[in-house]
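# Observations on the model geometry
Residues per chain are reported as follows:
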Amino acid sequence: MNLPTLSRRRFLTYSAILPWVFDVRAATSIPVGLELYSVREELKRDAQATVRAVAAMGYQGVEFYAPYFEWSEKQTKDMRKVLDDLGIRCFSTHNSYSFFDKENLTKARDYNLILGSKYVVMASAQPKPGEDGWKAVAETLNFAAGEFEPAGLKAGYHNHKLEFTPVANQSANVRPLEIIAKNTKPAVMLQLDVGTCLEAGSDPVAWIRANPGRIRSLHCKDWSADPAKGYSVLFGEGAADWKNIFAAAESAGGVEYYLVEQEGSRFPELDTARKCLAEFRARHSN
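Now for a description of the structure that goes with this document.

Conventions used here
Residues numbered from 1 in each chain as written. Predicted model: local features only at pLDDT ≥ 70, side-chain atom pairs only at ≥ 80, totals over all residues. Heavy atoms only, no water. Helix = DSSP H or I, 4+ residues; strand = E, 2+ residues; numbered from the N terminus. Buried < 20%, exposed > 50% of the residue type's maximum accessible area, 1.4 Å probe, protein only. Contact = heavy atoms within 4.5 Å. Areas by Shrake-Rupley, 256 points an atom, 1.4 Å probe, with all protein chains shown as cover. Pairing = 2+ DSSP bridges. Axes fitted to C-alpha atoms, helices over the stretch in contact; angles between N-to-C directions. Salt bridge = Lys/Arg side-chain N within 4 Å of Asp/Glu carboxyl O. Phe/Tyr/Trp six-rings, centres within 6.5 Å; stacked < 30°, edge-to-face > 60°. Lys NZ or Arg CZ within 6 Å of the ring centre and 35° of its normal.

## Things to note about the overall build of the protein
Along its length, the protein carries twelve helices and eight strands. Counting every position in the protein, which comprises 286 residues, the buried fraction comes to 53%. Sequence separation of at least 24 residues holds for 79% of the intrachain contacts in the protein that already meet a minimum separation of 6. Accessible area of the protein: about 12600 Å², with a carbon and sulfur share of 50%.

Structure (structure tokens):
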């Protein structure tokens, strides 16, 4: 995988908005980054150029997702240099369940240290059926947390709709994420995906308040109940009550950083990321 530099044309395009960038970066004391899955096709074409474009928009950090694990050590170090040169951070990484296997933890630890990440987040799980399957996921997270701790890294878990859907054949109507929260160490971050929480019919504000100090990052992804729109709405166009979500995250959740995420919209990827950030800034500053 090559990581070429930003082309002159793209540099000129995004340099034109740099004065605006410095204004918006100062808009909040809690930084906002981009989950790079939002620009996945751009990232495949030109990883360094994409990160530079994201920084030029005003994002203060990024979250790399699973393909970073395929890089060589040199490529990972080259990407860290790009981040440092831009003055932005890798807040966290999204990782496949298999990356938490004992044979992969060392590589995950080393690459996250190179990138300057703080949280190694399990992006999804593949549990066996029932409550015991989710308890096993919690055990995996606890083991990883213990392995990461000496290096200054922390483990995390990211929900989808499944984790807010009650476990089948359980009389207590318990949700998988409740099992994970109850059976993991407080040091394990519960990264909240707002959109999938809403799709499952759950209340993100209630979840944040029920888990004080553990919602240290949020995926700020909106969702519409209109089947024709779903996750294609931009930030601010869907059902999320961002004012109260921000308030809960900052008063109870212990949020350290926000991440804009977009699964796809009516605009090209980079335009989508730019529009979502502008709306995020407008809503978070009010």
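## A word on the sheet that holds strand β3 (residues 89-95)
One closed barrel holds the eight strands; their spatial order is β1-β2-β3-β4-β5-β6-β7-β8, and the pairing between them is parallel. With strand direction ignored, the average angle separating the axes of adjacent strands in the sheet is 25 degrees. Across three bridges, strand β1 (residues 32-35) lies against strand β2 (residues 61-64) in parallel orientation. The residue of β2 that forms the bridge with E35 is E63.

## Considering the pattern of salt bridges
Taken as a whole and assessed by the stated rule, the structure comprises 16 salt bridges. Between K77 and E73 there is a salt bridge, with the nearest N and O atoms lying 3.0 Å from each other. Of this pair, K77 and E73 both sit in helix α5 (residues 73-86), four residues apart, which is roughly one turn of the helix. Here R175 and E178 are joined by a salt bridge, their closest N and O atoms 3.0 Å apart. A cluster of three or more residues bridged by salt bridges with shared partners is formed by D193, K221, E261 and E263.

## Things to note about the packing of aromatic side chains
Tallying each qualifying case throughout the model produces 15 aromatic pairs. An angle of 35 degrees between the planes, with centres 6.3 Å apart, marks the rings of Y119 and Y257 as tilted. Of the two residues, Y119 sits in strand β4 (residues 119-122) while Y257 sits in strand β8 (residues 257-260), which places them 138 residues apart along the sequence. Ring centres of F246 and F280 lie 5.3 Å apart, and the angle between their planes is 75 degrees; this geometry places the pair in the edge-to-face category. With F246 in helix α11 (residues 242-253) and F280 in helix α12 (residues 269-285), the pair connects residues that are 34 residues apart, well separated along the chain. Judged by its relative accessible area of 0%, F280 falls in the buried class. Directly above the ring of Y231 sits K221, whose terminal nitrogen or CZ lies 4.8 Å from the centroid. Sitting over the face of the ring of F267, K275 holds its NZ or CZ atom 4.5 Å from the ring centroid.

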